[in-house]
Amino acid sequence: MDFIDLKYQQQRIKEKIDSKIQKVLAHGQYIMGPEVKELENQLAEYVGVRNAIGCASGTDALLLALMGYGVGPGDAIFTTPFTFIATAEAVSLLGATPIFVDIDPKTFNLDPAKLELAIQALKSNDPSIYPLPRPLSPNAERRTPNDSSLNSPNSERRTPNFIDPSRATRHSSLSPRGIIAVDLFGLPADYNSINSISQKFNLFVVEDGAQSFGAEYFGRRACSLSDLACTSFFPAKPLGGYGDGGMCFTNDDPLAEVMRSLRIHGQGNDKYENIRIGINGRLDTLQAAILLAKLEIFPEEIELRQEVAQNYTTLMSPNSELHTPNSPPGYQSAWAQYSILSKSEEHRSIIMENLKRGGVPMAIYYPKPLHLQKAFAFLNYSEGDFPISEDCAKRIFSLPMHPYLKPEDQERIINILRAAQ
C-alpha cells in the first residue's frame, strides 16, 4: 500500500505526459519555454485571478511574495507555528521576524481571534496580551551568522542564516507588515476573518496554499482568497509535478510584474538589464509540461479525494477516541492529507506500531511546532506559548490519502485503528 500513489496516476496519463515532454525536447526551450506561460494562463483561469507567476518551488513562491512587498529587517510577519518550516523560513531569510500565532484545534489553521491578540500585543509592546519573541538577556552571548564559530562541527547553531538575533528579538522595534495564513492539510484558513483583521491593521495577507490547490472557500477557489497566494507543485501535493515547482497568484497587476522580474534575477526589459535584486526562481519548462498533462484530470481527482475522505470519516464515525478532520460549512478541502488526532501521545505510538505491523504507511505532520525548533531558537519562545499547536503535534498522524485509494484498503486501515483502542 502506498501513502500517496503516483504510479497509478502516471499510468492513466502516461501517453499525454510523454507527448508533452517530447514536445519540449523538440523545441528545446528548457528555461521559460511556452509551456510555462500556458500553465500560468490555465491556472490563473482555474483559480479565478488575473495573474499567475510560475517559479521554482513553493518556498520560492513564498519568498517572491514577501520580496514583492519589500519585506525586510524590522518587519513582523504573523503566521502559524504548526506548519512546514518553509512558511516562516522565507520570512527569516529576508531578515524579517516571524511572529507565531496558535491554531484552531478543529481546523489546525491560524486562529483569527489569537491573531488579533498577537497584533495588538506587538503594537502595544505588551507580551502579556499574547506571547511575543523574547529579548535576549543583557549578558547573553550575541553571535551573528558571520561568526566563524557557527561553522565549527562541535558548535551549537543558535541563529538562522542571514539574520541578527539581537535585532530579531527586539519586538519593540518591529512593525507589523503582513500575515501568512496556511491552508493546512488542504483546508483553507478562515479568510473572511483574517482579511477583515488585516484591513483593520493595514496588513497584507499571503495565502500559503501549498497544500490546498483545488480546495474551495464559500464558492471561491484556494489561491484566490487573499491579496496574494502561493502554491507548491512538490510531487506529493494535490497537483504535483515530477520535481519541484511553485506558483504565485494575485489580482494586483503591478505586484505581479515585480514578482516576474524578481524570479529572474530582477530582470528588466532583457536578460542583461537588472532593475532590482532578485533570485533564480524560474519554473522549469519540463515541469510545466508535466503539470499541464496532470491538470486535465485534476478536477476529477479532487472529486475522488472528496469520496476517499468521506469514506474514511464514515468508517471512523463509530470510533469516538479519534478526532477526525473537520470541514466547516462553506469549506471544501483538497485533502492533501487525512490527519487524525489520537487521544494521547502514547495512544498514537500504539497506533503507529499497529499500522507498521499491518503494512500500512503513515506520517506525522508535524511532530515539533516551529517555535520549538532549533532554527527559531533566536526568537526565545518557550514551551507552553502555543499550547494547541504543541498538543496537536503530540497526537496527530496522517493516513494514506490519494484519489485512487481503494475502499477495501480503507476498511483494512480502519480495522487496524480499531484494534489499537
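Our subject is the structure listed above.
In short, a report on the structure. It should be emphasised that the depicted structure is a prediction, and the values quoted were computed from it without experimental measurement.

### What about the overall build of the protein chain?
Consideration 1: When helices and strands are tallied, the protein chain shows 13 helices and 12 strands.
Consideration 2: Since a compact globule built from 421 residues should have a radius of gyration of about 22 Å, the 22 Å found for the protein chain is in line with a globular shape.
Consideration 3: Each principal axis of the C-alpha atoms in the protein chain carries an extent, and together these give about 60 × 60 × 45 Å.
Consideration 4: The buried share of the protein chain, taken over its 421 residues, is 54%.
Consideration 5: If you take every contact in the protein chain between residues at least 6 apart in sequence, the share linking residues at least 24 apart comes to 72%.
Consideration 6: As displayed, the protein chain has an accessible area near 17700 Å², and 49% of this comes from carbon and sulfur atoms.

### Describing the state of the cysteines
Consideration 1: Per the counting criterion, the structure on display carries zero disulfides.
Consideration 2: Looking at Cys55, it has no disulfide partner, and the nearest cysteine sulfur is the one in Cys248, 4.8 Å off.
Consideration 3: What makes Cys55 buried here is its relative accessible area of 0%.
Consideration 4: Free cysteine Cys230: the closest other cysteine sulfur is in Cys248, separated by 4.2 Å.
Consideration 5: A residue is classified by how much of its surface remains accessible, and Cys230, at 2% relative accessible area, is buried.

### Some points on unusual backbone geometry
Consideration 1: Each neighbour pair has its own omega, and for Tyr365 with Tyr366 the value is 5°, a cis peptide bond.
Consideration 2: Inspection of the secondary structure puts Tyr366 in the loop between helix H11 (345–357) and helix H12 (387–395).
Consideration 3: The phi angle at Asn125 is positive, at roughly 55°, despite the residue not being glycine.
Consideration 4: Looking at the secondary structure, you find Asn125 in the loop between helix H5 (112–124) and helix H6 (165–168).
Consideration 5: In this structure, His265 is a non-glycine residue whose phi angle is positive, near 55°.
Consideration 6: Relative to the helices and strands, His265 resides in the loop between helix H8 (253–262) and helix H9 (285–295).

### Digging into the sheet that holds strand S4 (residues 175–182)
Consideration 1: On the basis of which strands lie adjacent, the open sheet formed by seven strands has the order S1-S9-S8-S5-S4-S2-S3 and mixed pairing. Where the open sheet ends on each side, the last strands, each with one partner, are strand S1 (51–55) and strand S3 (97–100). Here the average twist between neighbouring strands, direction ignored, is 25°.
Consideration 2: The strands that helix H3 (residues 58–68) touches are S1, S4, strand S5 (204–208), strand S8 (228–232) and strand S9 (246–250); relative to S8, the one it contacts most, it runs at about 165°.
Consideration 3: With respect to the sheet, helix H4 (residues 86–93) is in contact with strand S2 (75–79), S3, S4 and S5, its orientation differing from that of S3 by roughly 145°.

### So, the pairing of strand S12 (residues 396–399)
Consideration 1: Where burial is concerned, the two faces of S12 agree: the one with Ile396 and Ser398 and the one with Phe397 and Leu399 are both buried.
Consideration 2: In this structure, strand S11 (residues 338–341) lies alongside S12, joined through four bridges in antiparallel fashion. Paired with Ser339 across the bridge in S12 is Ser398.

### Structural notes on the environment of Met362
Consideration 1: Here Met362 lies in the loop between H11 and H12.
Consideration 2: Among the residues examined, Met362 registers a relative accessible area of 21% and is labelled partly exposed.
Consideration 3: In sequence terms Met362 and Phe397 are 35 residues apart; their C-alpha atoms lie 7.0 Å from each other.
Consideration 4: Ignoring any residue separated from it by four or fewer positions in sequence, one finds Met362 in contact with Phe3, Met352, Leu355, Phe397 and Ser398.

Reading guide: rules and limits
Residues numbered from 1 in each chain as written. Predicted model: local features only at pLDDT ≥ 70, side-chain atom pairs only at ≥ 80, totals over all residues. Heavy atoms only, no water. Helix = DSSP H or I, 4+ residues; strand = E, 2+ residues; numbered from the N terminus. Rg over C-alpha atoms; globule rule 2.2 N^0.38 Å. Buried < 20%, exposed > 50% of the residue type's maximum accessible area, 1.4 Å probe, protein only. Contact = heavy atoms within 4.5 Å. Areas by Shrake-Rupley, 256 points an atom, 1.4 Å probe, with all protein chains shown as cover. Disulfide = S-S within 2.5 Å. Pairing = 2+ DSSP bridges. Axes fitted to C-alpha atoms, helices over the stretch in contact; angles between N-to-C directions.

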